[in-house]
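The primary structure of each chain is shown beneath.
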Amino acid sequence: MNERPVVGISLGDVSGIGPEVTASALSRPKVRQALLPVVFGDGPTLERFPAFKKYTRVTPETLERVTEPTVCVVTELSEKDRVPGKPTRAGGKAQYGYIQAAIEAARAGKVDALCTAPVSKEQISRAGIPFMGHTEVLAEAFGREVMMLMDGPRVRVALATNHVPLVEVSRMLTVERLVGQLQLLSRSLKPVVGRAPRIGVLSFNPHAGEGGLLGREEVEVLTPAIKQARKLRVDAHGPLAADGLFSQVDDFPYDAVLAMYHDQGLIPAKALDFERTVNVTLGLPVPRTSPDHGTAYSLADTGKASSVPMVEALLKAARLAAR
């Protein structure tokens, strides 16, 4: 009986670096030993890589629970729609199709975890599909409240809001929302750290609002949320000024940090360890990870794209599935 978790991998934009970093990552012995891959993607694109020619080939309709490395062919794109570095609308539609096929496999119990190669929000949107990001699509597909966690070797940073314009963040921050997110973050990390995790809550305004002088969010929303969460046995602390906190990474005082908006969390996470930081979606019934980078069209098919982030994302998906 095979004990390796089955990880469904959506190929991302075929004109980006997704196909090559996926192929490279899956060629690593430690990855092959850790998981069984099912790659959801484009037939002709996958045939460019010798390793994938040895995989069992199926379609979404014929996919069952696998016992060997498998390619699930979702599209057969024309040559002009799979040129490295030159994205098209057809490619945008296709990459969304790979995500949906992988999600359906997870919902049917055919894969134990998901790992998503990078997509282009712009190209998917150009294809006429409303798309703000993987996290939002997964939340809707599984009907769950979810949270984005940037899980790095030095810090873990979760996001209170995801892909929204900065001008809208303040109105989205409510006591109820933050309490729920702190509970989700604490519950998700407790098995990882072996106890209730110590969570730092970042402020929204500069200098934690200076007692209301630089904004009222800390006084009216963040502090009440932290107090409520603590009553629910969440070990939350703050609000904390972000500019000072991340200077302490060599002796970081928290198991995780909750950032109020996208760049507040991702800038320090990427700056501290870009290659080994993995995007993890908390709150789903199956683990989902992705590398912490984009499609990188300028690097596609040049041999310069690093597969380390994809390796880390795949290994993280396998570990979470096994746990």
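Located above this text is the structure these notes cover.
Here we summarise the structure given alongside this text. (Residues numbered from 1 in each chain as written. Predicted model: local features only at pLDDT ≥ 70, side-chain atom pairs only at ≥ 80, totals over all residues. Heavy atoms only, no water.)

1. Observations concerning the environment of tyrosine 55
Working step 1: You can see tyrosine 55 is positioned in the loop between helix 4 (50-53) and strand 3 (56-58).
Working step 2: You can call tyrosine 55 buried: its relative accessible area is 15%.
Working step 3: What tyrosine 55 contacts, discounting residues up to four positions off in sequence, is Leu26, Pro37, Val39, Pro69, Thr70 and Val71. (Helix = DSSP H or I, 4+ residues; strand = E, 2+ residues; numbered from the N terminus. Buried < 20%, exposed > 50% of the residue type's maximum accessible area, 1.4 Å probe, protein only. Contact = heavy atoms within 4.5 Å.)

2. Quick notes on the nonpolar core
Within soluble globular proteins, side chains that are nonpolar tend to cluster in buried spots.
Working step 1: Counting 88 residues, the largest nonpolar core has Leu26, Phe40, Phe52, Leu178, Leu185, Met260 and Leu314 as its most contacted members.
Working step 2: With near-sequence residues (within four places) excluded, leucine 314 lies in contact with Val7, Ile9, Ala25, Leu26, Val31, Leu35 and Cys115.
Working step 3: Formed by 16 residues, the second largest nonpolar core is a distinct cluster that contains Met150, Val157, Tyr254 and Ala269. (Core = buried A, V, L, I, M, F, W, Y, C linked by side-chain atoms within 4.5 Å.)

3. What to know about the packing of aromatic side chains
Working step 1: Going through the model one piece at a time under the given rule, you end up with six aromatic pairs.
Working step 2: Aromatic ring contacts, followed pair by pair, group Phe49, Phe52 and Tyr55 into a single cluster. (Phe/Tyr/Trp six-rings, centres within 6.5 Å; stacked < 30°, edge-to-face > 60°.)

4. Examining the pairing of strand 12 (residues 288-291)
Working step 1: Going residue by residue along strand 12, you find Arg288 and Ser290 tucked away on one face and Thr289 and Pro291 tucked away on the opposite face as well.
Working step 2: As defined by bridge partners, strand 5 (residues 113-116) adjoins strand 12 across two bridges and the pair is classed as parallel. Along strand 12, the bridge assignment pairs cysteine 115 with threonine 289.
Working step 3: In this sheet, strand 12 lies alongside strand 11 (residues 278-282) in antiparallel orientation, the contact comprising three bridges. Bridged to valine 280 within strand 12 is threonine 289.
Working step 4: Linkage of strand 11 to strand 12, two consecutive antiparallel strands, is achieved through a turn of five residues, within which glycine 283 is found at a positive phi near 100 degrees. (Pairing = 2+ DSSP bridges.)

Geometric values such as these leave the question of function open.
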